Amino acid sequence: MPSQHRLIVRETPVELLSDGTGPALLFLHGAGGAGRWLPFHAELARRFTVYLPKHPGHGGAPAAEWIEHISDLAFHYLDLLDELKLDRVHLVGSSLGGWIAAEMATMASHRLKSLALIAPVGIKVDGWIYPFLFAMELPQLVATVFHDQAKALALAPGDLTNIDTLAELYRERAALARVSWNPYLYNPLLRRRLGRITAPTLLCWGERDRVAPLLCAEAWAKEIPGAQLRTFAASGHLPHLEEPEAVAAAVADFCGPREVAR
Amino acid sequence: MKFYYFHLMPYPMEHDEPSSWVTLSNRRYDPEIGHALYNQYLDQFEHAERLGWDGLCVNEHHQNCYGTMPSPNLMAAMLARRTTRAKIAILGNGLPLRENPLRIAEEIAMLDVVSGGRIISGFVRGIGPEYFSTVVNPTHSRERFYEAAELIVRAWTEPGPFAFDGRFYRYPFVNPWPRPLQKPHPPIWCPSQGSSETVEWAARRRFPYLMVFTPIKRIAQIYGEYREACERYGYQASRYQLTVNLPIVVAENDEKARTIARQTALWVYHTGLRMPLTFWVPPGYLTESAFRRSLAVPRKLPTELSFEDLEEGGYIICGSPATVRDKLRVFSDELRAGIVCSGLPAGSHEATLDMMEMFAREVMPHFREDAAVDETAGIGR
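This section reports on the structure supplied with the text. In this text the structure is predicted, and so the values were computed from the model without any measurement. (Residues numbered from 1 in each chain as written. Chains lettered and ligands numbered in written order. Predicted model: local features only at pLDDT ≥ 70, side-chain atom pairs only at ≥ 80, totals over all residues. Heavy atoms only, no water.)

A word on the pairing of strand β9 (residues 242–245) of chain B. All names here are of chain B. Side-chain alternation along β9 places L242 and V244 on one buried face and T243 and N245 on a second face that is also buried. Handedness of the β-α-β unit built from strand β8 (residues 209–212), helix α7 (residues 216–232) and β9 comes out right-handed. As paired elements, β9 and strand β12 (residues 339–342) share three bridges and run parallel to each other. Counted as the bridge partner of T243 is I339 from β12. (Buried < 20%, exposed > 50% of the residue type's maximum accessible area, 1.4 Å probe, protein only. Helix = DSSP H or I, 4+ residues; strand = E, 2+ residues; numbered from the N terminus. Right-handed = clockwise from strand over helix to strand, strands pointing away. Pairing = 2+ DSSP bridges.)

Shown next, in the form of structure tokens:
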């Protein structure tokens, strides 16, 4: 069972889950993934000390009004590394979390032993416009995000008749909208900065991704020097949730040797 | 009491789509029909002035069949030249929806000068779906609203050029030509559905508060809150600060009025205002406390309201002239609203003109104790 921690990072409260032994690995969740210790994390915790913080405003965490831009979240997590006294880490992020991780890598690659991006959003890809998830009712959202829709149950929100639950979900959507409403799900400045990333980079992608299809993966692979791409046949936008063992093995196999090499 | 003729300029149609807003395909819009409708609607406005209405109201909505007036200032411009006496109330411009709100200051000033000082300038945030249509970040809505309002009022009242450096809007030179004709500026109204933050802001700035499409119980409650807030700010609200927007249907008898209203009012609520909850409440559009309040006192969505809800709840008024007079008395005497903004939807253009004539002949004259008063004198500034 992961342990829960509360700390303060430059006056912003952070709630995080942590478990495992071994080198430090910071996981940044996507929308809806806050505070959920998934089989994927348990798998990684066998070889790494996994840190899973909630983004401010997500998963019931208090919102941080100062966060207006995706780079604010990136700086926030670089500050978290300082607070945790982690000099260099393996950084893994899914979707929105992958976007934040990529921003961090363009700012401070030297803090990363490796970078694993699981279907990140965050760049504009020619020929693709991300579907506007904010406009979707739950059934359409689930059908868009997941290949196997039964897997969506892992992220099912709590009691939707409870005012606190609904208010927390509203807070989370607002926190997401603040950094991603327009431009929708990308930072126009990020793509040309990806070439600055020097950390060894793995891209994990669901072949059935309907939020950011494989076309996007190719753009990321082209921009990040030496990036490797692994695809997962039975996954939509969240392969670490739909095929946790396979994705965890891919990430661990990628990160592990980088641990020894440096 | 003052009477303002309010028009949504709908594109009346039936469809089975889940939303009449944002995503309803504009393939369904026939510009030939639109041409006829716009001109009928403008005729109705001009007719309203001839029949004695004190004001004509237009408003802003985007990408929907409910109200085909994405630019209310354009409609106001047409009315400015085709009418001579009535106030022209723009209820309102969606301030946060504009990237350049100085343009609103310019357009309103133009209209005010052309119309000889007949413009009333409503300031609104725009309802939820507008944030999907314009893609303005809804989490910025409230701050952009206040900032744009401040910019516009200063642009109208402070000699230019001056610099304005806000969070969302920045100008090294604020110096609009023309300046508005009314002094110090056209009256500002706040149309709203009763958010406490807006009530407070409007009362503090002495801006008239317009309740839009709200049940009468809630109107009474919000008017009470507004009057209290005015007293806290050290003054008594004029009755012309309390206005209401409610559709009225009048016919020879109650039964006939009800038959018409059942068709026209239900179209507005069940078709015109049909949209999923995600569009009504975009993320961050409400503060978390306002969101919690909305859950704690749940209200029905427009599509969930029956005709009986509308009639008994006082969302609309319908009946014979005598019935309509009685129901309006509640607004004028009990709620002490000074201005009623109302459309009189009757189905066809001809039926609408007839209904307007009946209203002007048999209802309006009974509420004219204040005929000599200029309802905008000293109000809304």
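Summed over the entire model, instances satisfying the criterion amount to 28 aromatic pairs over all chains. Ring centres 5.4 Å apart and planes at 70° place the aromatic pair W201 of chain B and F207 of chain B in the edge-to-face group. On the basis of relative accessible area, W201 of chain B is assigned to the buried category, the value being 7%. Members of the aromatic cluster, each reached through a chain of ring pairs, are F132, F134, W181 and Y184 of chain A together with F132 and F279 of chain B. The residue whose ring lies beneath R258 of chain A is F254 of chain A, and the NZ or CZ to ring-centre distance is 4.0 Å. (Phe/Tyr/Trp six-rings, centres within 6.5 Å; stacked < 30°, edge-to-face > 60°. Lys NZ or Arg CZ within 6 Å of the ring centre and 35° of its normal.)

Contact with chain B, which involves 23 residues of that partner, is made by 18 residues of chain A. Between chain B and chain A, a total of about 1800 Å² is buried, with carbon and sulfur atoms accounting for 61% of that surface. At the boundary of chain B and chain A, one finds three salt bridges. If you look at where chain B meets chain A, you find 11 residue pairs in polar contact (both at pLDDT 80 or more). Of all the secondary structure elements, the ones that give two or more residues to the side of chain B that touches chain A are α4 (128–134), α9 (277–280) and α10 (288–296) of chain B. Classifying every residue of the side of chain B that touches chain A gives 16 nonpolar, four polar and three charged. (Contact = heavy atoms within 4.5 Å. Buried area = accessible area lost by both parts, 1.4 Å probe. Salt bridge = Lys/Arg side-chain N within 4 Å of Asp/Glu carboxyl O. Polar contact = N/O pair within 3.5 Å; in protein donor to acceptor, adjacent residues only side chain to side chain. Nonpolar A, V, L, I, M, F, W, Y, C, P; charged D, E, K, R; others polar.)

Take the nonpolar core next. If you look at the biggest cluster of nonpolar residues, it comprises 198 residues, and the most contacted ones within it are M104 and W220 of chain A together with W53, F123, L328 and F359 of chain B. Judged by nonpolar contacts, the second largest core, of 22 residues, contains F27, A45, A116 and A252 of chain A. (Core = buried A, V, L, I, M, F, W, Y, C linked by side-chain atoms within 4.5 Å.)

Purely spatial values, then, with no claim about function.
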